[in-house]
Amino acid sequence: MDSSSLHGLLDEYTELEKQLADPAVHADQSRARKLGRRYAELSPIVKVINELDQARDDLGTARELADEDAAFAAEAEEIAERIPQLESRLTELLLPRDPYDGSDVLMEIKSGEGGEESALFAGDLLRMYLRYAERHGWKAEVLDAVHSDLGGYKDVTVAVKSKGTATSPADGVWARLKFEGGVHRVQRVPATESQGRIHTSAAGVLIYPEPEEVEVEIDPNDLRIDVFRSSGPGGQSVNTTDSAVRVTHLPTGIVVSCQNEKSQIQNRARAIQVLQARLQALAEEEAAAKAADARKSQVRTVDRSERVRTYNFPENRISDHRVNYKAYNLDQVLDGDLDAVLDALATADREERLASAGQ
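The structure presented is a predicted model; accordingly, all values stated were derived computationally and were not measured.

1. Topic: the sheet that holds strand β4 (residues 182-188)
Turning to step 1, where the next piece is worked out: As summarised here, the arrangement of the 8 strands in space is β2-β3-β1-β5-β4-β9-β10-β11, forming an open sheet in which the pairing is mixed. Both edges of this open sheet fall to β2 (139-147) and β11 (325-327), since each of them pairs with a single strand only. The sheet shows a mean angle of 15° between the axes of neighbouring strands, taken without regard to direction.
Turning to step 2, where the next piece is worked out: As paired strands, β2 and strand β3 (residues 153-161) are joined by 8 bridges and run antiparallel to one another. Residue V146 lies in a different strand from β3, and its bridge partner there is D155.

2. A few points about the pattern of salt bridges
Turning to step 1, where the next piece is worked out: Applying the stated rule across the entire model yields 26 salt bridges.
Turning to step 2, where the next piece is worked out: When the shortest N-O distance is used, the salt bridge between E12 and R38 registers 2.8 Å. Placement of E12 in helix α1 (residues 3-20) and of R38 in helix α2 (residues 29-65) is noted, with a sequence separation of 26 residues between them.
Turning to step 3, where the next piece is worked out: Of the residues examined, R38 reaches a relative accessible area of 26% and is grouped as partly exposed.
Turning to step 4, where the next piece is worked out: The closest approach of N and O atoms between R309 and D320, which form a salt bridge, is 3.1 Å. Placement of the pair is R309 in strand β9 (residues 307-312) and D320 in strand β10 (residues 317-320), with a sequence separation of 11 residues.
Turning to step 5, where the next piece is worked out: In this structure D320 comes out as buried when scored by relative accessible area, which is 1%.
Turning to step 6, where the next piece is worked out: Members of the salt-bridge network, linked through shared partners, are R127, R131, E134, R135 and D335.

3. Quick notes on the pairing of β9
Turning to step 1, where the next piece is worked out: Among the 6 residues in β9, 5 count as buried, and that is most of the element.
Turning to step 2, where the next piece is worked out: Pairing of β4 with β9 involves 5 bridges; the strand directions are parallel. Pairing of H184 across the sheet is with R309, part of β9.
Turning to step 3, where the next piece is worked out: What sits between the antiparallel neighbours β9 and β10 is a turn of 4 residues, in which N316 has the positive phi angle 55°.

4. Things to note about a negative patch on the surface
Turning to step 1, where the next piece is worked out: A cluster of acidic residues, D53, D57, D58, E75, E77, E78 and E81, forms a negative patch on the protein surface.
Turning to step 2, where the next piece is worked out: Mapped by element, the contributors of at least two residues to the negative patch are α2 and α3 (70-93).
Turning to step 3, where the next piece is worked out: Relative to the assigned elements, E75 resides in helix α3.
Turning to step 4, where the next piece is worked out: Residue classification places E75 among the partly exposed residues on the basis of a relative accessible area of 36%.

5. Concerning unusual backbone geometry
Turning to step 1, where the next piece is worked out: Despite not being glycine, N316 shows a phi value in the positive range, around 55°.
Turning to step 2, where the next piece is worked out: Within the secondary structure, N316 sits in the loop between β9 and β10.
Turning to step 3, where the next piece is worked out: Positive phi is not limited to glycine here, since N324 has a value of about 55°.
Turning to step 4, where the next piece is worked out: Mapped onto the elements, N324 comes out in the loop between β10 and β11.
Turning to step 5, where the next piece is worked out: Its relative accessible area of 73% is what places N324 among the exposed residues.

The rules behind each value
Residues numbered from 1 in each chain as written. Predicted model: local features only at pLDDT ≥ 70, side-chain atom pairs only at ≥ 80, totals over all residues. Heavy atoms only, no water. Pairing = 2+ DSSP bridges. Helix = DSSP H or I, 4+ residues; strand = E, 2+ residues; numbered from the N terminus. Axes fitted to C-alpha atoms, helices over the stretch in contact; angles between N-to-C directions. Salt bridge = Lys/Arg side-chain N within 4 Å of Asp/Glu carboxyl O. Buried < 20%, exposed > 50% of the residue type's maximum accessible area, 1.4 Å probe, protein only. Patch = residues over 30% accessible without salt bridge, like charges linked within 9 Å, V, L, I, M, F, W, Y side chains within 5 Å. Areas by Shrake-Rupley, 256 points an atom, 1.4 Å probe, with all protein chains shown as cover. Lys, Arg positive; Asp, Glu negative; His and termini not counted. Charge placed at Lys NZ, Arg CZ, Asp CG, Glu CD.

Next up, the structure:
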């Protein structure tokens, strides 16, 4: 990026500071959030630009004084070594970012091949993500769940929110969890296995950024809304009123259920919000397919041969096949210690973007 563009970013940053200091701006929470998000995105860039400008000025001064004092020659050498590091950091920060990095997410976990064992594994994945959210101070809420007979999940939908703890888009929930979409394969002796044989089964994870505003318009005439009684494990009714809501989007056939809120109105509003996120993700996937963006395509069939990650219980091993990551701390990972594997995925993505920018 040339110097005029960098100064344009500095001017934008200064203007954002002025706007965010204006109490009137905060009367419109949606606008304030957008400005705050952009400010947080620009803050690390501006910091490095200022450090780089200062380092270049200091280098010039140190070189001028080097003839008079040898200490300045050594200082000039140190500054000269630091400047390329700052330039590299700035290049990385200026790479095109995923616009949803600061977003909260909606996650679906679906059982697949393996019957009850797959449903039990889906429950393990749910606990893993809930524990990870807890470790990061995020709020995780189960919106809807279809339980299996042995206590697992045939299908479960979770909303994960940062609760405003993210200091920059890179710290957002989507930025950390966006690579989780795909088929997760498990190798272990199932609870249903009487002879101790290791089985392989799979569960699918689909993840979408949760829109803060309605980005997809939904025609009410395209919806069929059914109400029913909330149910718990094994289909047992836990509510004496028809408060649970099932929303069917007729043009796409997408069905969303929500039963965890206290009233039918709340369940309906939440279900429509989930539907908006799914339709947004569908629209993005269609655009991504045209651009041949493989990363945005997520699991459609939970086939264990299409796995992105394997959880091997006998060896206590976790393997992510996209980045050749392997570690022998599966027990810790399932307890929410996911950062190492997520860091490996984020690093691979960053290196790929840097390579593309250099072409």
